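# Survey of secondary and tertiary structure
Read off the chains here:
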Amino acid sequence: MTSSRTVYRRGRPILEGLRYRGREGMFAWLLHRATGVGIVLFLLVHIFDIFLIGFGPDVFNKLLFLYKAWWARILEVFLLFGVLFHALNGARIIVQDFWPRLWRYERQLIWAEMAIFIPIFLWGAYVFLQPLFR
Amino acid sequence: MRYVFRIQRFNPETDKAPYYKEYEVELEPTDRVLDGLNQIKWNIDGTLTYRRSCAHGVCGSDAMRINGTNALACKVLVRDVGPKVTIEPILGLPVIRDLVVDMDPFFEQYRSISPFLINDEPPPHGRERLQSIEERERYDDTTKCILCAACTTSCPSFWANENYVGPAAIVNAHRFIFDSRDRGAARRLEVLNSRTGVWRCHTIYNCTVACPREIQVTKAIGEVKQAILYRQST
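Starting from 1, residues in each chain are numbered consecutively following that chain's sequence as written. Working convention: letters from A go to chains and numbers from 1 go to ligands, in the order in which they are written. Residues qualify for local features only when their pLDDT is at least 70, as the model is predicted, and side-chain atom pairs are given and counted only at 80 or more; totals for whole chains, interfaces and linings, by contrast, use all residues. Where side-chain values are given, they derive from all heavy atoms of the structure, hydrogens and water being excluded.

## Side note on the side chain of D182(B)
Residue and element names in this part refer to chain B. Looking at the element boundaries, D182 is found in the loop between α5 (166-177) and α6 (185-192). A distance of 2.7 Å separates a polar atom in the side chain of D182 from the backbone nitrogen of G184. Contacts were defined at the residue level, with two residues in contact if any of their heavy atoms lie within 4.5 Å. When near neighbours in sequence (up to four residues on either side) are disregarded, D182 contacts F116, L117, I118, F176 and R188. Each helix is a run of H or I in the DSSP string that is no shorter than four residues. Each strand is a run of E no shorter than two, and both are numbered from the N terminus. Pairing of N or O atoms within 3.5 Å defines a polar contact, subject to two protein rules: one partner must be a possible hydrogen donor and the other a possible acceptor, and residues neighboring in sequence count only if both atoms are side-chain atoms.

Right, here's the structure in full:
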């Protein structure tokens, strides 16, 4: 086969790849990437608000109203989700990379990760959102 | 029983982009997806194009996406995929026609890891290079690869970067790296330690699930990662 023949090259196979029916590992990877991007976006905002301290405590304190708003609390729940999932999933991948023999327990490790993630997330979300219902 | 095959079609001479076409075929539940494709090609539409050779899961030429997952059409029974089956070419390689993809980039990656025994030392006593059962067992799993590309084209890292060496090439490198008779490990590990080598693997496990030979692909990749890591630290 020569490379000069007419072929159909998909523009972005990664997008078509989202239709691929992977198992838990693929969903964990997708969520790992999405939460990674989310954490980077949060860090950009966070670096900006910390940077405002340079203009004095008044400027910074005035900005804090943002973090007290109801929608900011909901965003914090998303942040908790992103950071917690990314950390736990990253830890699982490190464990599997260092002990390849665990390949057989890939699915179980993901469910174990979820068993740790779900209660901590629900508890954290409750703490974050509780003031909204007082 | 009546089955509907929804197949991705593409003819480079007439089509700008792929499209789907449906065919109805009468099959026994214990028939394979390949039998359905054959029935369509032989009795309904002779223009349908796909690869198949041995038709018994050994040659690895009929890897395709069946209901969204990579598999060999000759190893999947229609009763396991339901009355409506969607069939598409494997992802990440250019489509030549219908379900036939250009395997050249795949085999280029395979060749890059020197998939042959490297040993310039003369064999002991001028005879065979003997191995113990344990030494042979060390790489037994990765000898089973049939180069069907089901693993490589199920890998999101490969979809994102066609220069990634891919699971199949790493599996075949593993087969020689852990062979006690081979002396080319350093050369292979250098290729696999590059920007397009094993570190693009994110332990997703799609490859292990897709392998029709049930090779523990992600485990093999993990062992190659460790070989690189420990070799560098000594």
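This is not the end of the story, as more comes after the structure.
## Brief notes about the interface of chain A and chain B
Counting residues at the interface gives 30 residues for chain A, matched by 47 residues for chain B. A simple way to read buried area is as the amount of 1.4 Å-probe accessible surface that goes missing from two parts once joined, with both sides added. A buried area of about 3,200 Å², summed over both sides, lies between chain A and chain B, and 60% of it is on carbon and sulfur atoms. Any carboxyl oxygen of Asp or Glu within 4 Å of a side-chain nitrogen of Lys or Arg constitutes a salt bridge here. One can count three salt bridges joining chain A with chain B. In this structure, the salt-bridge partner of E16(A) is R65(B), at a minimum N-O distance of 3.1 Å. There are 11 residue pairs in polar contact (both at pLDDT 80 or more) connecting chain A and chain B. Looking at the side of chain A that touches chain B, the elements with two or more residues in it are α1 (13-17), α2 (24-51) and α5 (70-98) of chain A. Each residue is assigned to one of three groups, with Ala, Val, Leu, Ile, Met, Phe, Trp, Tyr, Cys and Pro labelled nonpolar, Asp, Glu, Lys and Arg labelled charged, and all others, Gly among them, labelled polar. Residues that form the side of chain A that touches chain B fall into these classes: 13 nonpolar, six polar and 11 charged.

## A look at the pattern of salt bridges
Tallied over the entire structure, the rule returns 22 salt bridges over all chains. As a salt-bridge pair, R188(B) and D182(B) come within 2.7 Å of each other at their nearest N and O atoms. Overall, the relative accessible area of 8% leaves D182(B) in the buried class. Connected through shared salt-bridge partners, E16(A), R19(A), R65(B) and E88(B) make up one network. Under the scheme applied here, a residue whose accessible area is under 20% of the maximum for its type counts as buried, over 50% as exposed, and between as partly exposed, the area being computed with a 1.4 Å probe on protein chains only.

## Remarks on a nonpolar patch on the surface
All names here are of chain A. Patch membership is restricted to residues that have no salt bridge and whose relative accessible area is over 30%. Joining uses 9 Å for like charges and 5 Å for the nonpolar side chains Val, Leu, Ile, Met, Phe, Trp and Tyr. Where accessible areas are quoted, they stem from the Shrake-Rupley method and a 1.4 Å probe; at the residue level, only the protein chains shown are allowed to cover. The grouping of W70, W71, I74, L75, F78, L132 and F133 at the surface amounts to a nonpolar patch, some 820 Å² of accessible area in total. Inspection of the secondary structure puts W70 in helix α5. Look at W70 and you get exposed, because its relative accessible area is 55%.

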